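Coordinate analysis (summary)
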Amino acid sequence: MSDEKFFFPSKEVIEKATVKEYDKLYKYSIEHREDFWAEQASQLSWYKKWDRVLDKSNPPFYKWFTGGKTNIILNAIDRHLLSPLRNKLAIIWEGERGEVRTFSYYSLNREVCEFANILKSMGVEKGDVVTIYMPQIPEQLFAMLACAKIGAVHSVVYGGFSSAALADRINDANSRVVVTADGGFRRGKVVELKSVVNKAMELSPTMEICITVKHTGTEVYMENGRDYWFHDLKALPIAGQKCETAEMDANDMLFLLYTSGSTGKPKALVHTHGGYSVYISATHKMVMDIKPEDRYWCAADPGWITGHSYIVYGPLINGATIVMYEGAPNHPYPDRWWRMIQKYGVNILYTSPTAIRGLMRYGDSWTKKHDLSSLRLLGSVGEPINPEAWRWYHHVIGQDKCPIMDTWWQTETGGFMITPLPITPLKPGSATRPFFGNEMAVVDDNGKEAGICEEGNLVIKSPWPGMAAGIYGDPDRFVETYWKKYEKQGWYLTGDAAKKDEDGYYWIIGRTDDVIKVSGYRLGTAEIESAMITHPAIVESAAIAIPHAIKGNAIHIYAILRNDYKPSHELEMELINHVVHQMGPIARPEEVKFVDLLPKTRSGKIMRRLLKARIMGLPEGDLSTLEE
Ligand code: WT7
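Residues numbered from 1 in each chain as written. Predicted model: local features only at pLDDT ≥ 70, side-chain atom pairs only at ≥ 80, totals over all residues. Heavy atoms only, no water.

**Looking at the nonpolar core**
We apply this condition: Take the buried Ala, Val, Leu, Ile, Met, Phe, Trp, Tyr and Cys residues and link them wherever side-chain atoms come within 4.5 Å; each set so joined is a nonpolar core. Burial classes: relative accessible area under 20% of the type maximum marks a residue as buried, over 50% as exposed, and values in between as partly exposed (1.4 Å probe, protein chains only). Only DSSP runs of H or I covering at least 4 residues are called helices, and only runs of E covering at least 2 are called strands; the numbering of each starts at the N terminus. Between two residues, a contact is recorded if the distance between any of their heavy atoms is within 4.5 Å.
Of all hydrophobic cores here, the largest spans 120 residues; its most connected members are Trp37, Phe65, Ile91, Leu108, Leu145 and Tyr313. Here the element with the most residues in this core is helix 6 (residues 138–150); it accounts for nine residues. Excluding residues within four positions of it along the chain, tyrosine 313 makes contact with Ile72, Met144, Leu145, Ala148, His154, Leu254, Phe255, Tyr276, Ile280 and His308.

Put into structure tokens, the structure is as follows:
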């Protein structure tokens, strides 16, 4: 091992590190996987201990901690009320306009109990799916935690999705109750949410009740018997300050989270109370190295898995103080984040390459205005971080002393799968090595292990407690999507291409399926193309990802027009807005190009790979399946 290629952690970081050594513990965790996870699980509270650590009788539907009784709230809140953590700050929240709200664990519990009682009064019961469509305000967390507390299943839909996308998710989950807010603030403007929910409710036969939190003061339409203001309900005696936490089976559903796949409509991954709690708290403690005195900021949106696992549940189980910010990183100026780091004394910052690149472009003068010396650890997630952004993050934000935890994982995995520990020597752009208990590999289409630095499919060879229990209502799709390709071997297909180098470090290359990562958000080409075709001008289209300096990838669309339409700039703009209207602003295409034909295989599949190679001037690869 030559040392020049590594960045070594500082003494201060090593001294603080929860885990001081990787190799021995990794070996143990692989050879004694169930013991390792049982030890981790023993650090949490259970109403009743599990009978079996891992039930492998029906793969790939693995069950962890069977027979165990718990509730994620028992660990995230209830047990803290019996310790000095009761008085510790759980949440420091700053709104975009500068207002600050803080909650101790004691007051967090009160808020969650009240919210839980309100949900109960609306008839929400164990197993019911509650949809949450909210801005980044404390009530978003309270709503999630309240669902978990009473055994309801939350389905958080990111506030950047359109009413059509929201309605799809409500209908797929048969959800009866939605929690929203009048609006949120973003770059000084109000983003309306309740009006989007109103449209979605019209498209959703199962939807009966909407609870709206007043945040922006925007005027909204409310219907008698269907709509309730949260503050009205909170003032009623039903919103009592005591609420019992429901005792759940370890394998009972905790939440659904929709994510894009290569085909068809978005699918809801299911995560459960038991294994998920164990996995995310262990990874959060060991990788983010959370200490009692730390202030931890994961600057993601709670609406994505990153937020679920590493804003809400992992940190709260670990009794951390979390910082939350509602708005845009560059509002009112590009130093908003750096200002907040100084103001709150943030020790750990976890964000995405797209955010880092976005802030990097403003130059160093904005960071220099602020004292960032409280930072000890940095994190990155969502897509590969390019070495240039890595170095800026490390040098300018981390002042050369904060290691970067480049965490590779997915909605499906629940928590970090490949990740450094604070003690790990780093290489910019590599997520380094597997977390404890995980056996990973880079393999070819037949399952043969790739050579050193050879590209292949990234697979996970062994079950882990954070793994999704399935796709809601569609077990076949779960098997088909993730487990079919390496059925014989019993491996999980991640959908990512990767390489492993001579030191055993993994380098993620990107998606191999028809999934596009835009600013770290996951979108399916199929969804974008389905949105396009609902426009009367479109016969057929193909969406592809083209590298973009800040977003990582941008969506480019090739479209075939109906005979009676002529290509024009106006039509291009109209189509771009059409996709935004159908899917939400996160799916805004960069451009729509009009073509007469799309390259297809003989079996009729669009060759997006060829389109991309052609526009980027790259080798076009094997064209033997191309139709004449
Ligand atoms: C996909 C999963 C997991 C939270 C956010 C994304 C890409 C994620 C990294 C990383 C390179 C990464 C992969 C993966 N990805 N983290 N550190 N380095 N790529 O969750 O929306 O389910 O997306 O994000 O392509 O498959 P997600």
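**Overview of the packing of helix 5 (residues 105–121) against helix 6**
The condition is simple: Every axis in this analysis is a line fitted to C-alpha atoms, fitted for helices over the stretch in contact. Angles between the N-to-C directions lie between 0 and 180 degrees. Relative orientations are named as follows: roughly parallel for angles under 35 degrees, roughly antiparallel for angles over 145 degrees, roughly perpendicular for angles from 65 to 115 degrees, and oblique for any other angle. Crossing handedness follows the turn of the near helix against the far one: under a right angle anticlockwise gives a left-handed crossing, and clockwise gives a right-handed one. Nonpolar residues are Ala, Val, Leu, Ile, Met, Phe, Trp, Tyr, Cys and Pro. Charged residues are Asp, Glu, Lys and Arg, and all others, Gly as well, are polar.
Here helix 5 crosses helix 6 at 65°, and the two axes come no closer than 8 Å. Between helix 5 and helix 6, the interaxial angle falls into the category roughly perpendicular. Remark: the crossing between helix 5 and helix 6 carries right-handed chirality. For the pair helix 5 and helix 6, contact is made by Leu108, Asn109, Glu111, Val112, Cys113, Phe115, Ala116, Leu119 and Lys120 and by Glu139, Phe142, Ala143, Leu145, Ala146, Cys147, Lys149 and Ile150, respectively. Within the contact of helix 5 with helix 6, the residues separate by chemical class into twelve nonpolar, one polar and four charged.

**Topic: the packing of helix 17 (residues 525–533) against helix 18 (residues 569–583)**
It is the contact of helix 17 with helix 18, at a shortest axis distance of 9 Å, that shows an interaxial angle of 115°. Where helix 17 crosses over helix 18, the two elements pack in a sense that is right-handed. On helix 18, the residues touching Glu527, Ile528, Ala531 and Met532 of helix 17 are Leu575, His578, Val579, Gln582 and Met583.

**With respect to the pairing of strand 30 (residues 591–594)**
Within a regular beta strand, the side chains point alternately toward one face of the sheet and then the other, so they alternate between its two faces. Put simply, the test is: One requirement defines pairing of two strands: DSSP has to find at least two bridges between them. By convention, a crossover is right-handed whenever its connection, traced from the first strand over the helix to the second and viewed with the strands pointing away, goes clockwise.
As judged from the four bridges shared by strand 29 (residues 552–561) and strand 30, these two strands associate in the parallel manner. Residue pairing across strands places alanine 559 opposite phenylalanine 594, the latter belonging to strand 30. In this fold, the crossover linking strand 29 to strand 30 by way of helix 18 has right-handed handedness.

**Structural notes on helix 17**
Counted residue by residue, helix 17 has seven buried out of nine residues, so it is predominantly covered. For helix 17, the complete set of buried residues consists of Thr525, Ala526, Glu527, Ile528, Glu529, Ala531 and Met532.

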